[in-house]
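Take a look at the letters that make up each chain.
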Amino acid sequence: MENSPVHFIKKQLFVRLLVMYHIVILPIVLLGLYLYMWSYNNASEEISRHASSQMKAYLNDLDREIEWIESQQYDLLNADELGKVALTWDRMDGVEKKINMFYITNRLISLKSTSAHIHNIYIHIPSISKSISALTGVNDFEINKYKMNQLKVGELYSYLSKEEDASLQLNSNIMNKYIDGEPAYSIQTELDQASLRESLDALKMYEQNESFLLNGDRQLLWSSSGASDTIMQAYEQQRNGSHGVIEIDQVNYHFDEVYSESRNLYLISYLPEAMVKKPLRHFKNWVWVFSIITILALSFFAYFTYRHVHKPLLVLVDGFKRMENGHFDQKIEHKKTDEFGFIYNRYNSMLEKLKTLIDKNYKQTMMVQKAELKQLQSQINPHFLYNSFFIINSLAKTENTEKIEDFTKMLGEYYKFITRSEDYLVPLIEEMSHARMYTEIQNMRFSRRIKVQFDELQNDMEQIMVPKLIVQPIIENAYKYSLEKMRQKGFLRVSVQSSENEVLITVEDNGQSITNKEIEKLTQQIHNIQTQQELSALMNIHRRIVLTYRKGSGLFLSKSKLNGLKVTIRLILEEEEKDV
């Protein structure tokens, strides 16, 4: 887990420095982006508030204008002269007719002049078949206009409507004068679309800011001069709420809508989103400049950190890795005079001293190992020697020369192996062959009482180099302190296992004389290699293994499943030792 790429990256100083720089810079960048978005949203909301305020004011002005026109219509409809013309036209002489018609016409002209939004005003009098207009005076009865006007009577929620002839009509409850339940005459007001369009143009706050007015049936009444019918239709299809952004022909438009409940009218204003962002364009440019400068600064910081901090550290780390692998001759070559130069010089000095100390310690260790091996070699068991001569004597008495020959040959090979001092390390197969030969010699005495089992040694383990005399002395101890005391069914097993860079050699017996307390005490004696005491065979083996192999190697004692003592030789190898 410690060698995973993620863990390795986390340990990199260069990566940590970059992360720290990002932690410092990122909040500033995010603050800039937040300010930009806040400014845009604030500008958008401010434009919406201002547009809504203007549009509400426009609708209020329009409402007051319509109220004024309606009040004038009411006064005109109740004029006595108009009633006389409608009811007593036939009894008037020519002079009276002209006077009354002249009065009515002047009233219409006067009413039209009171509002710039009035294009024309008609009075239709069915009883005399006359229509009077502010623009054209007295005309023949215009039945189509009259009928169209009558259709609008009673439509309380269509105060403004666009007719088939494209004229814009003002509708209200005050359009007819009734006598005996029948309309005696009717007033009709046609609004000036050009004037109304100009009034919407006055609402423009920005370039390309356009507006259009709809009635309660969402019929277009009039719009500003630059308004697009396509945009209006797209808005009607996609609208959602009183304001928002709608994409039309790949262009985003900001819409605001205000409703007049008193007149059942909708006023809609739109503005391209680019115009909303226009005031922020300079700020956006500075954001880009800041972002580019930040990226350049980050790149420079990364290069500078890598060149002057991370790379020198990598050189030092590589030096320590070489040192860890035992390469003490490769110093760090450099021309630096800064802090890293001082560290490199101290590293090279340390390398020299460490090499000297290791050479000295290695020589001392080798001397100790050789001395301890010689000590073990010199400890020829007289009891074993006496027994060997006794066996030869017994065989001689029986004149069994063939067995004498085999036995003396084995005995010679045995002493030749243990007295050979030129080799400290031997292949594992030779060490196991020597141990097997020892058991065969012992088998001449105990073949009936003791059975020995050697598990098969794997081919890939045969050439592993091990210290000499690490297995046979343990077997000898098993005979001396356990198996020789058993009268029957003694059993000794020797097995070898390996896993990755570890070799386990196990010697165990079924002797019942040792207790767990004795095993624990013996373990403490073996592992306490610093105390000044006479070395036993097991202590000698443990110490030589500890001096030869990596940490964790040595002898380990435990109770065997066979009910006797179990001695495990644990050898933790380097890669090159495993591949021998």
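Residues numbered from 1 in each chain as written. Predicted model: local features only at pLDDT ≥ 70, side-chain atom pairs only at ≥ 80, totals over all residues. Heavy atoms only, no water.

Engineer: Which parts of the structure should I look at to understand the packing of aromatic side chains?
Structural biologist: Aromatic ring pairs are reported here in terms of the distance separating the ring centres and the angle at which the planes meet. In the structure shown here, the tally under the stated rule is 12 aromatic pairs. Look at Phe141 and Tyr146: their rings are 5.3 Å apart centre to centre, the planes differ by 55°, and that puts the pair in the tilted class. The class for Phe141 is partly exposed, based on a relative accessible area of 21%. Of the residues examined, Tyr146 reaches a relative accessible area of 12% and is grouped as buried. Relative to Tyr266, the ring of Tyr259 has its centre 4.6 Å away and its plane inclined at 35°; by these criteria the two rings are tilted. Among the aromatic residues, ring-to-ring pairing joins Phe212, Tyr235, Tyr253, Phe255 and Tyr270 into one connected group. A cation over a ring is seen here: Lys468 above Phe417, with NZ or CZ 5.0 Å from the ring centre. (Phe/Tyr/Trp six-rings, centres within 6.5 Å; stacked < 30°, edge-to-face > 60°. Buried < 20%, exposed > 50% of the residue type's maximum accessible area, 1.4 Å probe, protein only. Lys NZ or Arg CZ within 6 Å of the ring centre and 35° of its normal.)

Engineer: I would appreciate a short explanation of the environment of Ile125 in the present structure.
Structural biologist: Along the polypeptide, Ile125 turns up in strand 1 (residues 118-125). Ile125 sits in the buried class, given a relative accessible area of 0%. Residues Ile125 and Ala86, 39 residues apart in the sequence, show an inter-C-alpha distance of 6.4 Å. Setting aside residues up to four positions removed in sequence, Ile125 forms contacts with Leu82, Val85, Ala86, Lys130, Ile132, Phe141, Ala184 and Tyr185. (Helix = DSSP H or I, 4+ residues; strand = E, 2+ residues; numbered from the N terminus. Contact = heavy atoms within 4.5 Å.)

Engineer: Would you explain the side chain of Asn510 in this entry?
Structural biologist: Tracing the chain through its elements places Asn510 in the loop between strand 17 (502-509) and helix 15 (516-527). Here Lys489 takes part through its backbone oxygen, which lies 2.9 Å from a polar atom of the side chain of Asn510. Side-chain polar atoms of Asn510 contact the backbone nitrogen of Phe491, separated by 2.9 Å. Those residues in contact with Asn510 that lie beyond four places of it in its chain are Leu483, Met486, Lys489, Gly490, Phe491, Leu562 and Gly564. (Polar contact = N/O pair within 3.5 Å; in protein donor to acceptor, adjacent residues only side chain to side chain.)

Engineer: It is not clear to me how the pairing of strand 17 should be interpreted in this structure. Could you clarify?
Structural biologist: Regular strands place side chains that alternate from one sheet face to the opposite one. Burial within strand 17 is extensive, with 7 of its 8 residues counted as buried. Hairpin connection from strand 16 (residues 490-499) to strand 17: 2 residues lie between these consecutive antiparallel strands, with Glu500 at a positive phi of about 50°. In this sheet, strand 19 (residues 565-572) lies alongside strand 17 in antiparallel orientation, the contact comprising 7 bridges. Across the sheet, the residue bridging to Ile505 is Ile569, located in strand 19. (Pairing = 2+ DSSP bridges.)

Engineer: Explain the packing of helix 12 (residues 401-419) against helix 13 (residues 428-446) to me, please; I cannot follow it from the model alone.
Structural biologist: If you want to describe how two helices pack, look at the angle between their axes and the distance between the axes. Taken N-terminus to C-terminus, the directions of helix 12 and helix 13 make an angle of 140°; their axes are 10 Å apart at the nearest point. On the basis of the axis angle, helix 12 is oblique to helix 13. Remark: the crossing between helix 12 and helix 13 carries left-handed chirality. On helix 13, the residues that touch Lys403, Phe407, Met410, Leu411, Glu413, Tyr414, Phe417 and Ile418 of helix 12 are Glu430, Glu431, His434, Met437, Tyr438, Glu440, Ile441 and Met444. Across the contact of helix 12 with helix 13, the residue classes break down as 10 nonpolar, 1 polar and 5 charged. (Axes fitted to C-alpha atoms, helices over the stretch in contact; angles between N-to-C directions. Parallel < 35°, antiparallel > 145°, perpendicular 65-115°, else oblique. Left-handed = near helix turned anticlockwise from the far one by under 90°. Nonpolar A, V, L, I, M, F, W, Y, C, P; charged D, E, K, R; others polar.)

Engineer: Explain the pairing of strand 9 (residues 220-223) here, please?
Structural biologist: The sheet contact formed by strand 8 (residues 210-214) and strand 9 spans 3 bridges and is antiparallel. Within the sheet, the bridge partner assigned to Leu214 lies in strand 9 and is Leu220. The loop that links strand 8 with its antiparallel partner strand 9 comprises 5 residues; one of these, Arg218, has a positive phi angle of about 55°.

Engineer: Even after reading the chapter, I still don't get the sheet that holds strand 11 (residues 251-260), so can you show me in this structure?
Structural biologist: Pairing between the strands of a sheet comes from backbone hydrogen bonds, and it takes one of two forms, parallel or antiparallel. Sheet architecture is open: 5 strands sit in the order 9-8-12-11-10, paired in antiparallel fashion. A strand with exactly one partner marks an edge of an open sheet, and here the two such strands are strand 9 and strand 10 (243-248). The sheet shows a mean angle of 25° between the axes of neighbouring strands, taken without regard to direction. Packing against the sheet, helix 6 (residues 193-201) makes contact with strand 8, strand 9 and strand 12 (265-272), and its axis sits at approximately 65° to strand 9.

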